[in-house]
Structures are given as structure tokens and as C-alpha cells.
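# Summary of structural features
The primary structure of each chain is shown beneath.
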Amino acid sequence: MDTSLSQTKYADVILPLPLANVFTYSVPVEFEPILKTGMRVMVPVQKKIYTGIVYSIHLIKPEKYETKDIISVLDQYPIIRRPQMQFWEWISNYYQAFLGDVYKAALPSGLKLESETQVMLRVNYQEMEEQFSTREWKIVDALKNKQSLSIKELEKNIGVKNALPVLKTLLEKEAVIIAEKVIESYKPKKEDFVRLSEDLRDEDKLKAVFDKLNRSKKQLDLLIFYLNASGAFQKEKTELSKKSLLETTGASTSILNGLVEKGILELYKKEIGRLNLSVVETHERNPLNPFQQKAYGEILSLYQQKNVVLLHGVTSSGKTEIYIRLIEDTLKLGRQVLYLLPEIALTSQLTTRLKKVFGNKLGVYHSKFPDAERVEIWNNLLHDKGYQVILGVRSSIFLPFKDLGLVIVDEEHENTYKQYDPAPRYHARNAAIVLGNLHGGKVLLGTATPSIESYNNALMGKFGLVELSQRYEEIAMPEIIAVDVKELRRKKQMKSMYSPQLLERMQQALADKEQVILFQNRRGYAPYIECPACGYIPKCKNCDVSLTVHKAFHALTCHYCGYTETIPTKCPKCDHDHIDTKGLGTERVEDEIQELFPEARISRMDLDTTRTKTAYEKIISDFERQKVDILVGTQMISKGLDFEHVSLVGILNADNMLNYPDFRAHERAFQLMAQVSGRAGRKNKQGTVILQTSNVNHPIIQQVINNDYKAMFTLQMEERKAFKYPPYYRLIYVQLKHRDLQIVNKASHYMAEKLREMFGTVRVLGPDNPPVTRIQNLFLKRIMIKIEAEASNEEAKKLIHEVSQDILSLDLFKSLQINLDVDPM
């Protein structure tokens, strides 16, 4: 940049694009007094218009290019607070993501405007009519009666997939104009309200109207009700919406329209929020038992010296009640609270519970909400309109908090806190700790099965540690029975995937009017189908994976790219007339259990059945109210849900979790089995868990049976120290993608050698193939880099970045994609 100062102001702008730098624009004179850091501006990028965020304002003119002007300023005040911008910078630097990627992840889509190409006819287009081809006439005819059409609309109207070549010739003939129209996806919600006509706000004039309406009794009744309900002649007036007026009186729209046509009442539009901010009746919270009170006191004491505390409490120990006390303490100080959850499914049950204590101070934020609602929650926090506690999933860390006093990360061990694709590949737990620090707030990590990294940080004194080892109301820990399915199969006693012990206990639980949870961590009907004659297995045409069977949709689906095809009735390869389904998914479990227990009411909870906000709520509500006897589910059902009448949990296949090729597999298997086991148990009755496995003597199985977290932790730490894994070493994965397998192979080997030159042979592993080697027609290779915990992480990332840029500068590798995953899960 040119260091000479000019009187023209310039703004560095973050664009919602994967670009390495901010871009500098000139600030027109009329915007100079109003423009501030954190505001949205519309700026040109090549032939499109984007919404950017002002990163900084200065007087330094760029040296290498002529700046373009900012087109418009969209805000009267910044929509990004200063701590947020610092937080974005940290995410960008630590996780090696572009600021534009952070911007895209942080802002709801409704706050991002983009331009859309519009086509319109020139006034004098008729002068060229004789030169038009048949295809050109189709476009001209479609535009004749329209002011303008987007290219997508135009292609739909004329029935072609690509209208651009024809549009190009029409442009050359100067018959059409192409322009950019800005599309705003967020529109404030408006509703019709009713008011008395200006002319009739005099009581004498109104009496004359009453006389005229003597023959229209229904209109008169509606008018009288409106006048009383609105307090039309009182000092304190109440606005009435058309909807509430008609619903309360039972009057028809035609009756109201009659009063409007006569000039007695008027309709007007008013912006209303999508959020329910009505006053909610609150209730006294439950008293803490002595164990909870002790844990609560220890947390407060530790907060005198530590900013982060880990609460290690067994399942059903009542951690939520302790969270509620800490939230109350924070609100009394006038500060805000963020309560993070790993799954949207958990928000439904917890929202009901927290609303009873915090009423309309509580806001809920997650991706199943319509985008317009998320914009309103953002604005509510930005303008301090009422929300003081936000309950949400990982994206909630990007909300515009003003003064965050407490961040609670519930079920902190869950890998769903990690964002995989697209960038930024952040971990919400670790990011929440930084966010809390930026606000000068405290952070509480809560779980029954801490991540090995968090528990190690607590033992090393980096975090405070509080243990809560007693279940609430002295509910006994469940009895866990390991069943040897290998032996049962040898004796031919297994019925599909269900042991006699499991079926017998299920029968007893249903007879006692108790509920059952069955855990199978694979969705769909079956993992794949196979021809018994030739061994043919249908695979995705875009990815290197078999297609999963979804019987309900009669479809084979790829869970990576969404490719779908119908289930064949015979083998496409050898024409054999029968194809076998292999393996077991939740959909098949649901079907088979329904056959075995025809009287039972069964529901399923997995990604396929919970694609909407209301779907989650209905499944959980029905199970809570005992409208469902057996709930079949994936890991969603393991995450902190609280069901009073569950006496039996069945883990159908523990071996799948133990045998996954990942250094965290045993830790995750313990966590999943311990968490799902924790759903079993009632007051005055011990719950039971049937754990089906081929290896009952496996150390992890024994640790789950004995609820021995510390034994699992000790064994895993020994192994990780020996093999140089976290927490002793930090990991960075370098993933390379390309459509050509040879290019990705060459690039990955070249890069691995360059990295070995810098880091040494021991610290660089690979390149190797990830579990899935091709996704969406891109071949993948992975290099793992291990860095000692005490070494400089920033220096390592800088060196990796230099090698990446060096490779991308070579002609052969220009279209290569290189992604970094810092602290992969």
C-alpha cells in the first residue's frame, strides 16, 4: 500500500467469498459522516454486487489497483460489535480460514444481499425484429409483457437449460439490456391492523354512523366491539390486528370489509416480529440437593481463580439445575448468557424447562428456524430488546452479544460441536472459551463423559474441576449386561440382530407399561444391498461409497452427496432375480421390532425423521407423554435427553463403534455407550442396559459396565502418549482434492515431501486415503501433521500455508483444492 495520505477515505471490506484478503473501496463523500466499522455496505465485485462488512476505515490509497466506490451503506449502526470482529479474526487465524468464510458462517443469510442478473427489452427492440432467430424470438416474446426477468425465470419460461448463448446474440444486436438487481432475502413480517377512520374520531359523527348501521346488525356489533377493545376514545389506546379482531368476535372478513368500504374503519400494515416475546408465567426452580449444592459452591469458588470450569457429573445427576443457578447469578449482574447444546433435538426439551424459569428472557437459535426468525433474534440481541439467555447450537457463538457473562457448553465432549465442511472448521467448545475470554466472562463445560483433552486440562490445572458422582433423587445407576452375540450366533439363538435377553427384557418392560430405547448408530434401512450371485453392490456415481437403502422412499441414497436411485428388483449386472439387504439401519430396526411387537407403538429418531423443527419436538413430546413405547434412534438419543419412564436401553451393535479406524474410536465408543446407558433408570427402580457385542472382555466394554471413566482415561492417555496423539501432540490434517486422481496423487506426494523437509519425517504422516476416497467427483488425499503441544502452533500453520501457496503456484496444480483442518475430530 502507498503510505502517502489522501483526503479521500477508504474502507477495507470483508466479502462473503473464500478470498485471502479484505478488499479496499473508496468511500463517497456523502457516506463519510455515517460509515462505521461493522456496517454492511453494497460493493461491486466484477459484474456482481455483494454485501460486505466494513473491516476498517482509513486514508491510505491502495497502490496496486484503482478502487471502486461503495454503492450504498445498508445500516444506520454497525451490525457487528467490536468483540465479534476480534472473535472472527481469532477463528480465521487459528483455524486457517478466510475472513470471508467466517463472515458466511456467522451471519444469517437474510443479512447478506446478493445481486441477481435481470434481463429486459430495449425500447427500440422492434427495429431488429427481422434479424431475430426462432430461439431469439422465444426470449423476446417472454420479455414483452414483463418489466424484467431473472435469467433463471427466463430459462424456466422458455423451457431451456442454458439461455446464455442466445442472450449473448441478443446483446450483440442491442435488443436486450442486462442489469443487476439486488435481492434481499430478509423481509420484515407485516400484518393488517384496524383503526377508526380519521373523520369519525368525533363522538357526534360516530352516533350518526350507528344510526346508519341499524339495519346491518353484524357490522354494528363488530364496530362496537372494536371501539371497546381498542379504547378508541381513551388516553391509552390498544392496537388491534385484523386477525385477532376476527378470531375474537367470530365475524367474517366480509363484515369487516363492509365497514372498510363505508369508510368507517381503515386497514393499515404494521411490522410485527416473528419472535414470541409475550410475557410468560415463570415458576420457582427446583431446590438443589446436598450434592448439587456442594458442586455449585465449588464452581463459584473456582471462578475466583479460573475462567473455565469442567463439571464432570454422572448422567441424571441434575447438572441442568446447577446451570440454572449460575444463569440466575449472571442475570442479576445484568450480563448475558450463552447456553450451547450439541444437537437441535435437545433444544426442544430444554426450552420448555428453561422458559418456566426465565420466561421471555430466553431466546432459541438454530438452523431449523426460518432464516427470517434468525435475523430477528440477531437484531433482538443487537438492539438489547429483551433476550438475555440464548439457547442454541454451535452457530450461536457468532451472535452479537453485548456483555457475555457466562457460556455453558453442555455435553462438551460431543464431536458435533466441530464444524467440518464448509470452512471455517472450528470447534464450538474451544471457540466458546475464547469468546468468553473476550467478554471477560466465565465458561462452564458440563458432561458425564469429558473429552480426554478437557479432562487433561482440568487435571493439569488449566481448568477448574468439579465432580458430581450422585444421581438426582438417588436414582441408581443402570445395570449393564453385556451379551455375547458371537456365542449366540454360533448357537443360532439370535433373531436377526436381537438377542433372547434383549427381547425378553423388552417384553417385560412393555408389560409393565415402561418405555424402551434401542440404539443403532446407523440411519437408513440397511448400509447396502448385494447380489448373492455375482456380488454386485450399487455405488454412488459421484462418491466412492455404497448406496444406503431407504425402504420408506424405495431408494438407494448416498449420504455424502445426496445422489439417489430406485432400489432395483433384480441385479443390474447379472440379472439375478433377488438382491439381499446387508447390515442394519434404524429404519430396518423399526420395521423388525414392529413385527416382533405388533402391539407396541414405535417411533424413530434419526436425521431422516427430524428434518424440521416441529419433527424433533413431536417425537420427543410423544415419547415424554408415553404415546410411544419404543424409541429407535441414532446417537441423537444419547445426548442428554431426559425421559422419566425409560427402564430399558438396548445397544444393538457395540462393535461398530469400537472398530472404527480412528484414534478417538475407543473414547467415542465409551462416551456413546455411557451416555445412551444413562437414559435408563427411574426413581425407586434401577434401569437396565443390554449391550450386544462380540467381545465382552474388551477393556472399553468392561469400563462401560463398571462406569469407570477414569480407567478409560488412563488407558487412552497411555496409548496416545506412546503414539503421539492429542493431548500430547496437536494435529493438523491437510486435505487435497482434485477431479483427476493422478494430479491429487502427485500433489499430495510432492506436498508431503516438502512438509517433511520442514517438520521432519516423524511429524508428517502420509499422504494416505481417508475412509472415503472420492466425494462429489473429487478425489481426496490426506496428510497428517503432528506438532508437540508445547511447540508454536502459529509457526507451524505459517509454514504449511507457505508450502500450500508454493504448490498452488505451479501450473499443474492450479485447480487443486487444499484445506486445513486444525484440531480435527
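You'll find the structure just up there.
What this report covers is the structure whose coordinates are included nearby. (Residues numbered from 1 in each chain as written. Predicted model: local features only at pLDDT ≥ 70, side-chain atom pairs only at ≥ 80, totals over all residues. Heavy atoms only, no water.)

Next up on the list: unusual backbone geometry. Cis rather than trans, the peptide bond between aspartate 421 and proline 422 has omega equal to -5 degrees. Here proline 422 is to be found in the loop between strand 16 (404-410) and helix 14 (428-438). Although it is not a glycine, lysine 492 sits at a positive phi angle of roughly 55 degrees. Even without glycine at this site, histidine 554 takes up a positive phi of about 50 degrees. Here histidine 554 lies in the loop between strand 22 (548-550) and strand 23 (555-557). Judged by its relative accessible area of 43%, histidine 554 falls in the partly exposed class. (Helix = DSSP H or I, 4+ residues; strand = E, 2+ residues; numbered from the N terminus. Buried < 20%, exposed > 50% of the residue type's maximum accessible area, 1.4 Å probe, protein only.)

Packed helices, taken two at a time, are described by their axes: the angle between them and the distance between them. Orientation of helix 7 (residues 217-230) relative to helix 9 (residues 253-261), taken along the N-to-C sense of each, is 80 degrees, at an axis distance of 9 Å. On the basis of the axis angle, helix 7 is roughly perpendicular to helix 9. When helix 7 is examined against helix 9, the residues Lys218, Gln219, Leu222 and Leu223 are found in contact with a partner set consisting of Ile255, Leu256, Gly258 and Leu259. Of the residues that constitute the contact of helix 7 with helix 9, the class distribution is five nonpolar, two polar and one charged. (Axes fitted to C-alpha atoms, helices over the stretch in contact; angles between N-to-C directions. Parallel < 35°, antiparallel > 145°, perpendicular 65-115°, else oblique. Contact = heavy atoms within 4.5 Å. Nonpolar A, V, L, I, M, F, W, Y, C, P; charged D, E, K, R; others polar.)

Looking at the secondary structure, you find arginine 82 in helix 1 (residues 82-94). According to the relative accessible area criterion, arginine 82 is partly exposed, its value standing at 48%. Here the alpha-carbon distance between arginine 82 and glycine 38, two residues 44 residues apart in the chain, equals 7.6 Å.

Here the focus is helix 4 (residues 151-158). Those residues of helix 4 not exposed but buried are Ile151, Leu154, Glu155 and Ile158. Viewed end-on, helix 4 has its buried residues packed into an arc of 100 degrees, placing them on one side of the element. Away from its buried face, by an angle of more than 90 degrees, helix 4 presents the exposed residues Lys152 and Lys156. In the stretch just after helix 4, glycine 159 is the one whose phi turns positive, near 70 degrees. (Arc of directions from axis to C-beta.)

Moving on: the packing of helix 15 (residues 452-459) against helix 23 (residues 709-723). In the contact formed by helix 15 and helix 23, the axes pass within 11 Å of each other and the chain directions differ by 95 degrees. By the angle between their axes, helix 15 is roughly perpendicular relative to helix 23. Between helix 15, through Ile452, Glu453, Tyr455, Asn456 and Leu459, and helix 23, the contact on the second element is made entirely by Tyr709, Lys710, Met712, Phe713, Gln716, Met717 and Arg720. The class makeup of the residues in the contact of helix 15 with helix 23 is seven nonpolar, two polar and three charged.

There is a patch of like negative charges on the surface, built from Glu473, Glu624, Asp642 and Glu644. Tracing the backbone shows aspartate 642 in the loop between strand 27 (630-633) and strand 28 (646-651). By relative accessible area, which is 47% here, aspartate 642 ends up partly exposed. (Patch = residues over 30% accessible without salt bridge, like charges linked within 9 Å, V, L, I, M, F, W, Y side chains within 5 Å. Areas by Shrake-Rupley, 256 points an atom, 1.4 Å probe, with all protein chains shown as cover. Salt bridge = Lys/Arg side-chain N within 4 Å of Asp/Glu carboxyl O. Lys, Arg positive; Asp, Glu negative; His and termini not counted. Charge placed at Lys NZ, Arg CZ, Asp CG, Glu CD.)

As a further point, take the sheet that holds strand 13 (residues 336-340). What the seven strands build is an open sheet, ordered 14-15-13-16-17-12-18; its pairing is parallel. Both edges of this open sheet fall to strand 14 (362-365) and strand 18 (464-468), since each of them pairs with a single strand only. Shown here is a sheet whose adjacent strand axes are inclined to one another by a mean of 15 degrees, direction ignored. Note that strand 14 and strand 15 (residues 389-392) share four bridges and pair parallel. Across the sheet, residue leucine 362 finds its bridge partner in strand 15, namely valine 389. Helix 15 contacts strand 12 (308-313), strand 17 (442-447) and strand 18 of the sheet and is inclined by roughly 110 degrees relative to strand 18. (Pairing = 2+ DSSP bridges.)

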